[in-house]
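What follows is each chain in one-letter form.
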Amino acid sequence: MPKSPAVRLRPDIESLPAYVPGERPVGTQVFKLSSNEIPFSPLPAVLAALADAAADVNRYPDMHATALVEALGAWHGVGAERVTVGNGSVAVLAHILSAVCQPGDEVVLPWRSFEAYPIATQVAGAMAVTVPLDAAGRHDLTAMAAAVTPRTRAVLLCSPNNPTGPALTQTEVADFLAAVPANVLVVLDEAYIEFVRQPDATDGPALLAAHKNLVVLRTFSKAYGLAGLRVGYALARRRLTAGFRATATPFGVSSLAMAAALAALPEQQAVRARVVQVVAERDRVVGRLRAQGWQVPDPQGNFVWLALGRRSTTFAQAARHRGVLVRAFGGEGVRVSVGEPEGNDLFLEVAQGWIERVGS
Ligand SMILES: *Cc1c(COP(=O)(O)O)cnc(C)c1O
């Protein structure tokens, strides 16, 4: 019998690398330091709001997530018409790129950075133009500005950069915005902004007034501890926001996610108190690592980076044997989230043993 023809996938989709999630623990007493989650259980106010909202899940959520975009607009001092919410900021980024890109367009992005960037770019039909980080794991903003061509529709900035850790300064972002053409969208992803402690920290929302081509990405997945519920958002000018919203699937934020985000937002004090604990642990971990002899790029998020190169996978396996899941980026390095102190201590023991046996 002749073989029947198969459905054709877009060749650029068929060749896409799959997004690799952080490894999940099997069994007990495993510390998951592989996905940059915070190690605390949800805030009591969030759990209460979820229990309440559960009673209404037979109903569709508000299609426009009105209460949430209004609360976020008020929180950032901008109108609700400047807020796009979505199923995690990864989904919001996908909407943004599909709103601005056509086949043949280019998106400039730093590399190594968040692995969702090249995937979202290609799914939007555009081509990723990757600009290598400098030796300190920072964006090379001069090279990124130079990589902009007439075909560039967007530039992605990740601050702090996942997975290496360093953050941009507000001055650097403002200078970069002044250097790129005003018709190129600049996406500033501030997923870890709450953990930044360096001077002149970025403040994306403060730059919106002066820059029509800026969009700021934020998320409830990290400091707010709602990774499992999937809520992220973008702040941008009204015209752009309307475009981003137009490309989104309807009802993109579930009623449970919306209730949880609305309950978490007023809990600033509790959120900040948790962030303070994570930052203290981060500083302890990086101090110990450097004392052991490791060179660690300045960690401004809730994770640290060991540039282990080809030995990354072996290191991750060694950590796994000790009950710590870390994230290896083959050939480049290992990213380790800051978790509960016991997990961090176990990781520090693995790092100490490794440097004694193998070196950094
Ligand atoms: C974790 C992370 C996000 C958040 O993604 P969500 O889809 O909101 O969970 C966004 N950007 C970067 C760089 C991240 O590391």
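Preceding block: the structure.
Residues numbered from 1 in each chain as written. Predicted model: local features only at pLDDT ≥ 70, side-chain atom pairs only at ≥ 80, totals over all residues. Heavy atoms only, no water.

> Quick question: what am I supposed to make of a nonpolar patch on the surface here?
A surface patch of nonpolar side chains, amounting to about 350 Å² of accessible area, comprises Tyr60, Met63 and Phe251. Positionally, tyrosine 60 belongs in the loop between α2 (44-54) and α3 (66-76). Using a relative accessible area of 66% as the deciding quantity, one classes tyrosine 60 as exposed. (Patch = residues over 30% accessible without salt bridge, like charges linked within 9 Å, V, L, I, M, F, W, Y side chains within 5 Å. Areas by Shrake-Rupley, 256 points an atom, 1.4 Å probe, with all protein chains shown as cover. Salt bridge = Lys/Arg side-chain N within 4 Å of Asp/Glu carboxyl O. Helix = DSSP H or I, 4+ residues; strand = E, 2+ residues; numbered from the N terminus. Buried < 20%, exposed > 50% of the residue type's maximum accessible area, 1.4 Å probe, protein only.)

> Looking at this model, I keep getting lost on the packing of α3 against helix α10 (residues 255-264). Mind explaining?
If you want to describe how two helices pack, look at the angle between their axes and the distance between the axes. Packing of α3 against α10 leaves a shortest axis separation of 10 Å and a crossing angle of 25 degrees. With respect to their mutual orientation, α3 and α10 come out roughly parallel. The two elements α3 and α10 meet at a crossing, and its hand is left-handed. Facing α3, whose interface residues are Ala67, Leu68 and Ala71, α10 presents Met258, Ala261 and Leu262. Across the contact of α3 with α10, the residue classes break down as 6 nonpolar, no polar and no charged. (Axes fitted to C-alpha atoms, helices over the stretch in contact; angles between N-to-C directions. Parallel < 35°, antiparallel > 145°, perpendicular 65-115°, else oblique. Left-handed = near helix turned anticlockwise from the far one by under 90°. Contact = heavy atoms within 4.5 Å. Nonpolar A, V, L, I, M, F, W, Y, C, P; charged D, E, K, R; others polar.)

> When you look at the environment of phenylalanine 40 in this model, what are you seeing that I'm missing?
Of note, phenylalanine 40 is situated in the loop between β1 (31-32) and α2. Expressed as a C-alpha distance, the spacing of phenylalanine 40 and valine 7, which sit 33 residues apart in the sequence, is 45 Å. Not counting the four nearest positions on each side in its chain, phenylalanine 40 is found in contact with Arg274, Gln277 and Val278.

> I would appreciate a short explanation of the layout of surface pockets in the present structure.
Gaps left between atoms show up when a probe the size of a water molecule is rolled over them. Here the largest pocket is characterised by a volume of approximately 620 Å³. If you go around the largest pocket, you meet 33 residues; those closest to its centre are Tyr19, Ser35, Phe114, Lys222 and Arg230. Listing elements by their share of the lining of the largest pocket, those giving two or more residues are α4 (89-100) and β11 (327-329). Here the residues of the lining of the largest pocket sort into 12 nonpolar, 12 polar and 9 charged. Residue assignment places the lining of the largest pocket across two domains, with domain 1 (11-42 + 268-357) and domain 2 (44-264) each supplying three or more. (1 Å grid on protein atoms, 1.4 Å probe; cavity = no way out; pocket = protein on both sides within 12 Å on 5 of 7 lines; lining within 4 Å. Points joined across faces, edges and corners; volume = space filled by probe spheres on them. Domains from an automatic or database assignment.)

> Got a minute to help me understand the sheet that holds β11 in this structure?
Within a sheet, each strand pairs with its neighbour through backbone hydrogen bonds, oriented either parallel or antiparallel. On the basis of which strands lie adjacent, the open sheet formed by 3 strands has the order β9-β12-β11 and antiparallel pairing. Every other strand in the sheet has two partners, leaving β9 (303-306) and β11 as the edge strands with one partner each. Within this sheet the neighbouring strands show an average axis-to-axis angle of 20 degrees, counted without direction. The pairing of β11 with strand β12 (residues 333-337) spans 3 bridges and is antiparallel. Across the sheet, alanine 328 pairs through a bridge with valine 334, a residue of β12. Most of the contacts of helix α12 (residues 312-321) go to β11, to which it runs at about 170 degrees, and overall it touches β9, β11 and β12. (Pairing = 2+ DSSP bridges.)

> Help me understand the nonpolar core, please; the structure alone is not making it clear to me.
Generally speaking, soluble globular proteins have nonpolar side chains that are buried together. Among the nonpolar cores identified, the biggest contains 54 residues, and Leu68, Val85, Leu157 and Phe220 are the most heavily contacted of them. Element by element, the count of residues in this core is highest for α10, at 5 residues. Aside from chain neighbours lying at most four places away, what touches leucine 157 is Tyr117, His139, Leu141, Met144, Leu168, Val173, Phe176, Val186, Val187, Leu188 and Asp189. (Core = buried A, V, L, I, M, F, W, Y, C linked by side-chain atoms within 4.5 Å.)

> How should the packing of α4 against helix α9 (residues 238-247) be read in this particular structure?
With their axes 8 Å apart at the nearest point, α4 and α9 run at an angle of 105 degrees to one another. The orientation of α4 with respect to α9, classified from their angle, is roughly perpendicular. Between α4 and α9, the residues in contact are His95, Ile96, Ser98 and Ala99 and Gly243, Phe244 and Thr247, respectively. Considered class by class, the residues forming the contact of α4 with α9 number 3 nonpolar, 4 polar and no charged.

> In this structure, what is going on with the site of the ligand? I would like to understand it.
The ligand sits among 14 residues. The nearest are Asp189, Tyr192, Thr219, Ser221 and Lys222. Aspartate 189 is positioned with one of its side-chain polar atoms (N or O) 2.6 Å from a nitrogen atom of the ligand. With the chains in place, 94% of the 390 Å² that the ligand exposes on its own is no longer accessible. With respect to the detected pockets, the ligand is housed in the largest pocket. Class assignment of the residues belonging to the shell around the ligand gives a composition of 6 nonpolar, 5 polar and 3 charged. (Near = heavy atom within 4 Å. Polar contact = N/O pair within 3.5 Å; in protein donor to acceptor, adjacent residues only side chain to side chain. Sits in = over half its atoms within 2 Å of the grid points.)

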